[in-house]
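Secondary and tertiary structure notes
Take a look at the letters that make up each chain.
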Amino acid sequence: MQSPVPLPVTPSGPAWPEGPGLHPVPDAADYLMGEWTVERTLFDLGTGNSGSFRGTAVFRTDDDGRVLHTEDGELRWGGMPGRAGRTLVLLPGPDGTCEVTFADGRFFHDLDLRTGEWSVHHPCAADRYEGAFAAVSHDEWHARWRTTGPAKDHLQRTVYRRRPAAGA
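We now turn to the structure provided with this report. The structure presented is a predicted model; accordingly, all values stated were derived computationally and were not measured.

1. Points about the pairing of strand 8 (residues 127-137)
- Bridge count between strand 7 (residues 117-124) and strand 8: 8 bridges; the pairing is antiparallel. Following the sheet pairing, His-122 is matched in strand 8 by Tyr-129.
- Connecting strand 7 to the next strand, strand 8, in antiparallel fashion are 2 residues, including Ala-125 with a positive phi near 55°.
- One ladder, built from 9 bridges, connects strand 8 with strand 9 (residues 140-149); its direction is antiparallel. Counted as the bridge partner of Ala-135 is Trp-141 from strand 9.
- Here strand 8 hands over to strand 9 after 2 residues, the two strands then running antiparallel side by side.

Structure below.
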C-alpha cells in the first residue's frame, strides 16, 4: 500500500472527506460501475486562475473484462466554455483493487479503496501528479489531484455522485 500523499494547498471549496466516516469499498471496479455526475474545480495556483468542469463519468465493462471510465462535459476556463473529456481504463485485480491506465495502455496509478481512501503519485516527464481518492458513501466519492512542475502548479478537486439507474 502506498503511503498518504500530502496535498497541502486547499483553495475554497468542499471540505476533503476523511476519518471514520469514509466508506470502505471491497471491490473498486464493482463500486464504480454505472453513471456518475462530475463536478470539478480547477485552480492554477501560480496565476490564481480557476475554472470548472461539469459533466458525466460512465464506468462500463468492455468485451475484454476491462472497465472503461469515460468522462464528457463542459470545461469553463478563462471565461470560455468548451467540450472536454477523457477515457481511462481500469484493470480489476482479484483482491478488489484496480490498475488504472491511460486509453493507450500506459500505466497511470493503482486504486485501492478497501479502507475508503487511497493516495497515489504519477511522474509525467518533468511534472509530478499527486492524487487522493475518498469514498464517502455508496453514491459519492471524491478525487483530488495536485500537479507540480517547472511550468505547472495546479489543483483539481472533483466530486462524483451516482446517477440513479434508468427507471429507478
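Once you've had a look at it, read on.
2. Some thoughts on the packing of aromatic side chains
- Counted under the stated rule, the structure contains 8 aromatic pairs.
- Counting every residue linked through ring pairs, the aromatic cluster contains Tyr-31, Trp-36, Phe-59, Trp-141 and Tyr-160.
- If you follow Arg-106 out to its NZ or CZ, it ends over the ring of Phe-102, 4.5 Å from the centre.
- The side chain of Arg-162 reaches across the aromatic face of Tyr-31, ending 5.7 Å from its centre.

Rules behind the numbers
- Residues numbered from 1 in each chain as written.
- Predicted model: local features only at pLDDT ≥ 70, side-chain atom pairs only at ≥ 80, totals over all residues.
- Heavy atoms only, no water.
- Pairing = 2+ DSSP bridges.
- Helix = DSSP H or I, 4+ residues; strand = E, 2+ residues; numbered from the N terminus.
- Phe/Tyr/Trp six-rings, centres within 6.5 Å; stacked < 30°, edge-to-face > 60°.
- Lys NZ or Arg CZ within 6 Å of the ring centre and 35° of its normal.

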